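Descriptive analysis of the structure
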Amino acid sequence: MVNFTILAGGYTTYVASYLFNTEDNSLTYLNQYTTGANPSWIISHPTNKTILYATNENTPDGALQSFTVGPEGAITLVDTISSGGSGPPYCAGLSTGQVAVVNYGSGTARVLPTARDYLHFSNDSTIVTFPVPTTGTQGVSEPHMAYQYYDELFIPDKGNDKIWRLGEVDGSPGDFAVHGEILQPVGSGPRHIRIRDDQLYTIHELASTLTLQEVPIFPNGTSRLLSNVSIIPPDPPAGSAFAAAEILIPEPTAEYPTPYIYTSNRNTGVQDTRGDTIAIFENVDNNLVLRNQVYTGLDQIRGMMSGEQAGYGGDAYIVAAGYAGTAGVKVFKRTEGGANLEEVAVNTVIPTRTAFVWLNQYQV
């Protein structure tokens, strides 16, 4: 039996902590810790789990913060720096020790070098500004994620219907520039991505679709879509309005040998009484095949995260919460080899959360 600490960000002024006990399937609220306003996305340092980064998704001036993580997930603020724009919904710790942050409200991104402790930010970095789109429906650039792929950064831009490819300029930390782009279906609104076996999986917010393609050749190649499928559940209520949000692809293990793809639906219109779904897909010979639509009882699933972050069997679980409603935080266990999910724990002390980090009992 392993206990897991789960940190949870949201549109508040704190990060909350929970204890998930795998023996009795209980999820216990522990505490909340003050942050800047709207820590809507949180992420651990890639190799040091005692370091946490959080965006402050504020307009017009967003921020990025660093924290140390102590027992029971208690976090202590160390540094705060401008995100370089408005409304940062995402940050990513890079293998180089730098931290990338994107700003959907201003169509910008920034990669911030850190000191040797990975906690103190350097202001010596370039702010990358993406162009105003000439197609699609948004009329503005809306970058939503930063994803490291070898030495590149891939940034899905919901407004431009592109995934930008950025690289470091002349090996200078903090100095990144666009060197390529991957076109996406016009009006689809690419939001988040995952890459596995050099294949690119993209969740599209505006179309509520999941697409699959080969990662194009560096730096600016092209590749056709191999598969393009809807993630919307069948027979939604009249007045539904879907906006896909998150995608997870946990790595295969002996217990879960198939790398299933988990995608979250957000119904921003009339809710199904069963809540929103997590749609589970399998890549079968480069075709995305739906395996299950799991109704969660959650309202607008903006955040979900696999427990594989924490190791020690955490890959058996996914935590999720709604952006709206009162259903709180839920933990689901992967069943049928990962092709299905079963709700095993819930805590409603805090009604909504938007991002999660898993830690095992040996890390905190």
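A few points on the structure. (Residues numbered from 1 in each chain as written. Predicted model: local features only at pLDDT ≥ 70, side-chain atom pairs only at ≥ 80, totals over all residues. Heavy atoms only, no water.)

**Digging into the pattern of salt bridges**
Considering all chains together, one arrives at 13 salt bridges under this definition. Two residues, arginine 165 and glutamate 152, come together in a salt bridge whose shortest N-O distance is 2.8 Å. Of this pair, arginine 165 sits in strand E14 (residues 162-168) while glutamate 152 sits in strand E13 (residues 152-157); the two residues are 13 residues apart in sequence, bridging distant segments of the chain. Among the ionic pairs, glutamate 251 bridges to arginine 196, the shortest N-O distance being 3.6 Å. You can see glutamate 251 sitting in the loop between strand E20 (247-248) and strand E21 (261-264) and its partner arginine 196 sitting in strand E16 (residues 190-196), a full 55 residues away along the chain. Residue class for glutamate 251 comes out partly exposed when judged on its relative accessible area of 43%. Within the structure, one salt-bridge network assembled from shared partners comprises Glu142, Lys158, Arg191, Glu205 and Arg266. (Salt bridge = Lys/Arg side-chain N within 4 Å of Asp/Glu carboxyl O. Helix = DSSP H or I, 4+ residues; strand = E, 2+ residues; numbered from the N terminus. Buried < 20%, exposed > 50% of the residue type's maximum accessible area, 1.4 Å probe, protein only.)

**Describing the sheet that holds strand E25 (residues 317-324)**
The strand order across the open sheet formed by four strands is E24-E25-E26-E27, and the pairing between neighbours is antiparallel. Each end of this open sheet is capped by a strand with a single partner; those strands are strand E24 (299-306) and strand E27 (340-347). With direction set aside, neighbouring strand axes in the sheet form an average angle of 30 degrees. In the sheet, E24 pairs with E25 via six bridges, with the strands oriented antiparallel. (Pairing = 2+ DSSP bridges. Axes fitted to C-alpha atoms, helices over the stretch in contact; angles between N-to-C directions.)

**Considering the packing of aromatic side chains**
The final tally for this structure, using the stated rule, is eleven aromatic pairs. Note on phenylalanine 20 and tyrosine 317: the rings are 4.9 Å apart at their centroids and 80 degrees apart in plane angle, and the pair reads as edge-to-face. Of this pair, phenylalanine 20 sits in strand E2 (residues 14-21) while tyrosine 317 sits in strand E25; the two residues are 297 residues apart in sequence, bridging distant segments of the chain. Residue classification places phenylalanine 20 among the buried residues on the basis of a relative accessible area of 0%. Overall, the relative accessible area of 6% leaves tyrosine 317 in the buried class. Ring pairs connect the aromatic residues Phe4, Phe20, Tyr317 and Trp358, which therefore count as one cluster. For the cation-ring pair, arginine 274 lies above tyrosine 295, with the distance from its terminal atom to the ring centre recorded as 3.9 Å. One residue, arginine 334, lies across the ring of tyrosine 256, its end atom 4.2 Å from the ring centre. (Phe/Tyr/Trp six-rings, centres within 6.5 Å; stacked < 30°, edge-to-face > 60°. Lys NZ or Arg CZ within 6 Å of the ring centre and 35° of its normal.)

**Description of the pairing of strand E28 (residues 355-360)**
Most of E28 sits out of view: six of its six residues are buried. Of the two faces of E28, the one holding Ala355, Val357 and Leu359 and the one holding Phe356, Trp358 and Asn360 are both buried throughout. Sheet analysis places strand E1 (residues 3-9) next to E28, joined by six bridges and oriented antiparallel. Bridge assignment links glycine 9 to a residue of E28, and that residue is alanine 355.

**Considerations on unusual backbone geometry**
Leaving glycine aside, a negative phi is the common case for residues, and trans is the common case for peptide bonds. The amide bond that connects threonine 59 to the next residue, proline 60, takes the cis arrangement and shows omega of 5 degrees. Here proline 60 is to be found in the loop between strand E5 (51-56) and strand E6 (63-69). The linkage connecting phenylalanine 218 with the following residue, proline 219, adopts the cis geometry, with an omega of -5 degrees. On the secondary structure map, proline 219 appears in the loop between strand E18 (209-214) and strand E19 (225-230). Positive phi is not limited to glycine here, since asparagine 25 has a value of about 55 degrees. A residue is classified by how much of its surface remains accessible, and asparagine 25, at 31% relative accessible area, is partly exposed. Although it is not a glycine, aspartate 285 sits at a positive phi angle of roughly 55 degrees. Its place among the elements puts aspartate 285 in the loop between strand E22 (277-284) and strand E23 (287-295).

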